[in-house]
Amino acid sequence: MNVLIVDDDHTNLIIMAAVVRRLDDAEPITFSNPIEALAWLDSNEPDLILLDQMMPDMDGITLLQRVRQNKSLDAVPVIIVTADTSVDTRIRALDEGCNDFLTKPIIIPEVQARLRNLLALRQSRALLRDRAALLAAEVQRITAALQRQGEELVLRLSCAAEYRDPETGSHLERMSRYSRLIAEAAGYDREFCTNLVKAAPMHDVGKIGIPDMILLKPGRLTPAELSIMRQHASIGHRILAGSDVPLLQMAAEIALTHHEKYDGTGYPNGLAGSAIPVAGRIVAVADVFDALTSTRPYKRSWTLEAARNFLEANRGTHFDPAFVDAFIERWDEVCAIHNVYEEAYKLNHPPELHPEELH
Ligand SMILES: [Fe+2]
Ligand SMILES: [Fe+2]
């Protein structure tokens, strides 16, 4: 441990330094000029400071004030060495943050005892501080790991649903990014937007529970099949509900309500207006828009403009008008998201050349 000693008297410096050296694990750093000591303190933190009170350029208490102004030296104990035994001086020094006094002429065993006490205190404080920092870092690491685990589980659950669902992974990515655009444009906070982008891909997780003959049926569904198909909303809700993780709570809400319509004609509960949770209303816009505009091997897609017209035509009936407006407000970004995935799709699915096209 480093002990800074500031005293204009060279003999005192030598004596104090010798006393410090006789302590276990302590090294003296000496200055006879307080100004130079201050300059050294700008870039160094000793474990203890011993200040002579009576010095020509700057007295001990003034130097102490300067030390205490430096926030990084807040916890360094300071001993004032003084021949002045008046109560006034002592109170002034204590007010300025002095931790202990030594009276001149010094008594060596007393100096040793006081130094040892303050250094021990310093050491245990440092230990506590290190332990607190270590614990804080560990808590932070575990929290981040838990969050990552939760997100990974959610992602894997969405992937599981994808195996049963003809909708592609890029649909999930696009519709969740559209959802975030809407939430941001509508002024929702960062936490809501982040949860939304992670929860939205789980909207159709309930399709896991729909039989293949209905889920994968190429033609139109009969009314009976349609009502089974529509159960995916409540099945998804059952899979996701009951968690105390906010992300899963939102995902459950979205699974249940993404087919509700603003005018109350949707399913499964025929909710209307603000009775439909915000996340459900946002995802409804993003999901339908992407379903209309995405290219699938089995269907042609709508143009972006046609899908936009559809949203506007159903503004206030199927969709919450505020979220249609928010979506249109971010139109350039919508097109950019659509085009990125469209390019990737074309790269992976080059158009086939038919023999009759060869002349
Ligand atoms: Fe759905
Ligand atoms: Fe979807």
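Note that the structure is a prediction, hence the values are computed from the model and not measured.

Q: How would you explain the overall build of the chain if you had to name every residue and give the values?
A: Each helix and strand counted, the chain has 15 helices and 5 strands in total. Radius of gyration (C-alpha) of the chain: 36 Å, far over the 21 Å computed for a compact globule of 359 residues. For the chain, the C-alpha atoms occupy an extent of roughly 105 × 55 × 35 Å along the three principal directions. Within the span of the chain, comprising 359 residues, buried residues form 41% of the whole. A sequence separation of at least 24 residues applies to 63% of the contacts in the chain between residues at least 6 apart.

Q: Please give an account of the coordination of the iron ion (ligand 1) that cites residues and values.
A: Taken together, the protein donors to the iron ion (ligand 1) comprise Asp 204 (OD), His 232 (NE2), His 258 (NE2) and His 259 (NE2), at separations of 2.0 to 2.3 Å. Considering all 4 donor atoms around the iron ion (ligand 1), angles at the metal cover 83 to 170° and the coordination shape is irregular. Along the chain, the residues donating to the iron ion (ligand 1) fall in the pattern D-x27-H-x25-H-H. If you look at the iron ion (ligand 1) and the iron ion (ligand 2), they sit 5.3 Å from each other. Of this pair, Asp 204 sits in the loop between helix H7 (190–199) and helix H8 (212–215) while His 259 sits in the loop between helix H11 (246–257) and helix H12 (278–293), and the two are 55 residues apart along the sequence. Judged by its relative accessible area of 5%, Asp 204 is buried. For His 259, a relative accessible area of 22% puts it in the partly exposed group.

Q: I'd like to hear about the environment of Asn 33, residue by residue, with values.
A: By the secondary structure assignment, Asn 33 is in the loop between strand S2 (27–31) and helix H2 (34–42). Assessed through its relative accessible area of 21%, Asn 33 is described here as partly exposed. In the structure, Asn 33 is positioned 65 residues away from Cys 98 in sequence and 20 Å away in space, judged by C-alpha atoms. Sequence-distant contacts of Asn 33, defined by excluding residues within four places in its chain, comprise Val 6 and Asp 57.

Q: Give me the lowdown on the domain arrangement of the chain, citing residues and values where you can.
A: One widely used convention gives an interface's size as the accessible area the parts lose upon coming together. Segmentation of the chain into domains returns domain 1 (2–134) and domain 2 (165–358). Centre-to-centre, using C-alpha coordinates, domain 1 lies 69 Å away from domain 2.

Q: Before we move on, can you summarise the side chain of Gln 53 with the specific residues and values?
A: As for its placement among the helices and strands, Gln 53 is situated in the loop between strand S3 (48–52) and helix H3 (60–69). With near-sequence residues (within four places) excluded, Gln 53 lies in contact with Asp 59, Gly 60, Ile 61, Ile 80, Val 81, Thr 82, Thr 89 and Arg 92.

Q: A description of the sheet that holds strand S4 (residues 78–82) should follow, citing residues and the corresponding values.
A: Ordered in space as S2-S1-S3-S4-S5, the 5 strands form an open sheet in which the pairing is parallel. The sheet is open, and its two borders are formed by S2 and strand S5 (100–103), each paired with just one other strand. When strand polarity is set aside, the average angle formed by the axes of neighbouring strands in this sheet is 20°.

What counts, and at which threshold
Residues numbered from 1 in each chain as written. Chains lettered and ligands numbered in written order. Predicted model: local features only at pLDDT ≥ 70, side-chain atom pairs only at ≥ 80, totals over all residues. Heavy atoms only, no water. Helix = DSSP H or I, 4+ residues; strand = E, 2+ residues; numbered from the N terminus. Rg over C-alpha atoms; globule rule 2.2 N^0.38 Å. Buried < 20%, exposed > 50% of the residue type's maximum accessible area, 1.4 Å probe, protein only. Contact = heavy atoms within 4.5 Å. Donors = N, O, S within 2.8 Å, 3.2 Å for Na, K, Ca; no water. Tetrahedral: all angles 85-135°; square planar, octahedral: opposite > 155°, others 65-115°. Domains from an automatic or database assignment. Pairing = 2+ DSSP bridges. Axes fitted to C-alpha atoms, helices over the stretch in contact; angles between N-to-C directions.

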